[in-house]
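# Tertiary structure, described
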Amino acid sequence: VRVTAVWMQTSPHAVTDDDLDRFRDCAVVSMAFGLTAFTDKGLEKLAGLPAAGRVEMLSLAGSPVAAGGLGRLHAFASLRVLDLRKSPLADDGLK
């Protein structure tokens, strides 16, 4: 089975940064981790995954990712959709 999408946004499992190691060998192109305990450290882990350059959609809506973690987005070369709704980011953090 080849997993191409991960949707943990409404999961009863509280996804943490440490859980992201489970996706190391997946060919995921769509990831939704909204409303989780996902932090800048988690975004760094995702950026280091072999499939990071193929990820087209990333949702971190409601996650505590800060402006500093967004510097890792360059690893997602194919990113077309980034969802940061309800995150603690201010407009100046997106510049």
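Residues numbered from 1 in each chain as written. Predicted model: local features only at pLDDT ≥ 70, side-chain atom pairs only at ≥ 80, totals over all residues. Heavy atoms only, no water.

For the rest of this paragraph, the subject is the confidence of the model for the protein chain. Chain-level statistics for the protein chain give a pLDDT mean of 81 and a share of 85% at 70 or above. The weakest mean pLDDT in the protein chain belongs to strand S1 (residues 5–7) at 76; the strongest belongs to strand S4 (residues 81–83) at 91. (pLDDT = per-residue confidence, 0-100. Helix = DSSP H or I, 4+ residues; strand = E, 2+ residues; numbered from the N terminus.)

Another point: the sheet that holds strand S3 (residues 57–59). The strands making up a sheet associate through backbone hydrogen bonding, with each pair oriented either parallel or antiparallel. The strand order across the open sheet built from 4 strands is S1-S2-S3-S4, with neighbouring strands paired in parallel fashion. Two strands lie at the open edges of the sheet, namely S1 and S4, each paired on one side alone. Mean inter-strand twist for the sheet, computed between neighbouring axes without regard to direction, equals 5 degrees. Two strands pair when backbone bridges link them, and S3 and S4 are joined in this way by 3 bridges, in the parallel orientation. Along S4, the bridge assignment pairs Ser59 with Asp83. (Pairing = 2+ DSSP bridges. Axes fitted to C-alpha atoms, helices over the stretch in contact; angles between N-to-C directions.)

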